[in-house]
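Given next are the chains, with one letter for each unit.
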Amino acid sequence: MSMLCEIRDLAVTYRSQKVPALTDVNLGIEAGKRLAIIGESGSGKSTLARTLAGLLPAGAKISGNIEWQSGKSPVAGRDLGFVFQDPTSSLNPVLTIGEQVAESARRHLGLSWKDAQIRALEMLERVRIPQPENASRAFPHQLSGGQRQRVAIAAALAARPKILIADEATSALDMVVQAEIVSLLDELVREAGMTLIFITHDIALASGFTDHIAIFKDGSLIESGPTIAILSSPHATYTKTLLASHRDLSTPPLIAEAVI
Amino acid sequence: MTLLEIERLSKRFSSGSRDVAALNDVSLSLAPAETLGLVGASGSGKSTLARILMRLIPADGGAIRFEGEDWLSLSGADLRRRRARIQMVFQDVLGAFNPRATVGSVLDDPLRIHNIVPKADRRREIAALLDRVGLPADYADRSIRDVSGGQRQRIAIARAIATQPSLIVLDEAVSALDVSIRGKILELLVELQRERGIAYLFVSHDLSVLRAVSHRIAVMDAGRLVETGAAGRVIENPHSAAAHALIAAVPRLVTGIPQGPSHDL
Ligand SMILES: Nc1ncnc2c1ncn2[C@@H]1O[C@H](COP(=O)(O)OP(=O)(O)OP(=O)(O)O)[C@@H](O)[C@H]1O
Ligand SMILES: Nc1ncnc2c1ncn2[C@@H]1O[C@H](COP(=O)(O)OP(=O)(O)OP(=O)(O)O)[C@@H](O)[C@H]1O
Ligand SMILES: [Mg+2]
Ligand SMILES: [Mg+2]
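The structure contained in this document is the topic of the report that follows. (Residues numbered from 1 in each chain as written. Chains lettered and ligands numbered in written order. Predicted model: local features only at pLDDT ≥ 70, side-chain atom pairs only at ≥ 80, totals over all residues. Heavy atoms only, no water.)

### Remarks on the overall build of chain B
Within chain B, the regular secondary structure consists of 9 helices and 10 strands. Here chain B has a C-alpha radius of gyration of 19 Å; the compact-globule value for 265 residues is 18 Å, and the two agree. Judged by the C-alpha coordinates and their principal axes, chain B covers about 55 × 55 × 40 Å. Within chain B, the fraction of its 265 residues that count as buried is 54%. Taking the intrachain contacts of chain B between residues at least 6 apart in sequence as the baseline, contacts between residues at least 24 apart amount to 64%. Of the accessible surface of chain B, which amounts to about 10900 Å², a share of 48% is contributed by carbon and sulfur atoms. Of note, chain B has its 34 positive side-chain charges centred 4 Å away from the centre of its 30 negative side-chain charges. (Helix = DSSP H or I, 4+ residues; strand = E, 2+ residues; numbered from the N terminus. Rg over C-alpha atoms; globule rule 2.2 N^0.38 Å. Buried < 20%, exposed > 50% of the residue type's maximum accessible area, 1.4 Å probe, protein only. Contact = heavy atoms within 4.5 Å. Areas by Shrake-Rupley, 256 points an atom, 1.4 Å probe, with all protein chains shown as cover. Lys, Arg positive; Asp, Glu negative; His and termini not counted. Charge placed at Lys NZ, Arg CZ, Asp CG, Glu CD.)

### Some points on the packing of helix 3 (residues 97–109) of chain A against helix 6 (residues 145–158) of chain A
All names here are of chain A. The N-to-C vectors of helix 3 and helix 6 enclose an angle of 15°; their axes lie 8 Å apart at closest approach. As summarised for this structure, helix 3 and helix 6 are arranged roughly parallel, according to the angle between their axes. Here helix 3 runs over helix 6; the crossing is right-handed. Every residue of helix 6 that contacts helix 3 at Ile97, Gln100, Val101, Ser104, Ala105 and Leu109 is listed here: Val151, Ala154, Ala155 and Ala158. Considering only residue class, the contact of helix 3 with helix 6 consists of 8 nonpolar, 2 polar and no charged. (Axes fitted to C-alpha atoms, helices over the stretch in contact; angles between N-to-C directions. Parallel < 35°, antiparallel > 145°, perpendicular 65-115°, else oblique. Left-handed = near helix turned anticlockwise from the far one by under 90°. Nonpolar A, V, L, I, M, F, W, Y, C, P; charged D, E, K, R; others polar.)

### Description of the pattern of salt bridges
Pairing between side chains of opposite charge can happen when the charged atoms of each approach one another. All names here are of chain B. Applying the stated criterion across every chain, the model contains 32 salt bridges over all chains. Between glutamate 195 and arginine 132 there is a salt bridge, with its nearest N and O atoms 3.4 Å apart. On the criterion of sequence distance, the pair formed by glutamate 195 in helix 6 (residues 179–196) and arginine 132 in helix 4 (residues 122–132) is long-range, its members being 63 residues apart. (Salt bridge = Lys/Arg side-chain N within 4 Å of Asp/Glu carboxyl O.)

### What to know about helix 6 of chain A
Along its 14 residues, helix 6 of chain A runs 20 Å from first to last C-alpha, staying within 8% of the 20 Å computed at 1.5 Å per residue. Remark: Arg160(A) follows helix 6 of chain A within two positions and exhibits a positive phi of approximately 50°. (Expected span 1.5 Å × (residues − 1).)

Spelled out as structure tokens, the structure:
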């Protein structure tokens, strides 16, 4: 077991905020494994992701430290791929889909423009974009939300990063495509030794394929450990509540059906 | 009585060599206080339907009757006045706001534009709207950029209910919310429906969410409506291959011995 990094006593406060977005976070991230980050809205998941990626906005105060095993912080885009919660913010509206994905491969893998375009097509196929040749000539606004999100995933993966942070990257996708993307990410972890940090609010999705899980609430890490251990015998009341409020297809509806 | 009647709606997008039949002869209806869940693969045309309904883009063919009016032929001042009756919560939440806006001004706009409450009462109304979606009143002074993604989604819902619409189109409106808050938002939406008789066209990939709030579920596949039925029936006994595949792919909560990925297709 080798560590990717150790997070010690991390606290982050955004500029002009009194309350820190994260406090007292202590967490080790194992290299080549799949870590799920779970927590309610505003609990600090994206803040942790941005901190790891070195992408916090100017003026944010950080205390504590992150010790990278490699001795230096990963370079976002090259060593660390980041798929944002909101795909529109990571795509350039004036570049075609093919150009965005190829650009990432060209810059970070040093490919020629031609080879980068071949790599881009290959990535668009792997994220299951229908008619990738045609789609590569389209602009972001011409794609559906789920298609845009897949393009953002393809662009992040095109540079073959060692670490991928997926921030709610599959929540805009239909369940069939979500399952396909998750198995693609899973495959990259197994075959390419990538470390996956998977932020999600879907505890069922996380339960199916991650090795470790870290649960956040109000800027604090509530508990963390192997996924199966935490989900089968949670210690924290909050984790128990999360599991109890999980809704699936057999949960009784909130409305009386067929009143119409 | 029907609130909304969509008849044989169609829409193509062509640009260069790319030609997509985003909507192909889609017909559906919605009663007051009814929730129709709309599900379908990514790219199947759900948002296109929503955008035509919102009059954001024109249809190629077909008709929409809303509150007894020929909705697609309304224009100018008539359209502006009637617009308050259909509100939408978008999939892409950040793009739906002016990034320089404060939370308060986001909620003030519809109240002012549609003249919902007198100026003197607006601040109180904004606080009430924030409270309804579970945010503290002092969030009104925050910049829309300085709230988390999920908080932004709640603000979008507050903005939608501000104009007292009879129909709200929710396009993946709760997908970024965590389970506990999502549950509260769903309960809130159901409550508002009971109180005010609001109908919802509820677009979501999450069938568990649709099961929770929908009276009926409609399934789209490649621009076509392939199945419509009572929510329970569609989930328990799907007729179409599209519905089948979507239901089979719903992640199952694994809390016992590892069985490998639960998302095997
Ligand atoms: N740029 C910012 N400036 C100021 N405050 C911020 C900023 N971004 C986030 N925050 C605040 O920091 C806290 C943590 O936000 P964060 O985005 O990390 O939450 P999250 O867990 O990712 O939530 P969600 O599930 O809604 O995306 C929230 O209270 C949020 O309002
Ligand atoms: N402005 C546009 N120009 C060209 N093609 C478009 C445009 N908007 C949508 N499309 C195409 O129309 C089809 C339907 O898109 P739509 O956004 O309605 O899908 P959706 O069902 O909402 O998907 P998702 O679940 O991913 O949001 C897609 O193939 C999309 O690429
Ligand atoms: Mg977030
Ligand atoms: Mg859509």
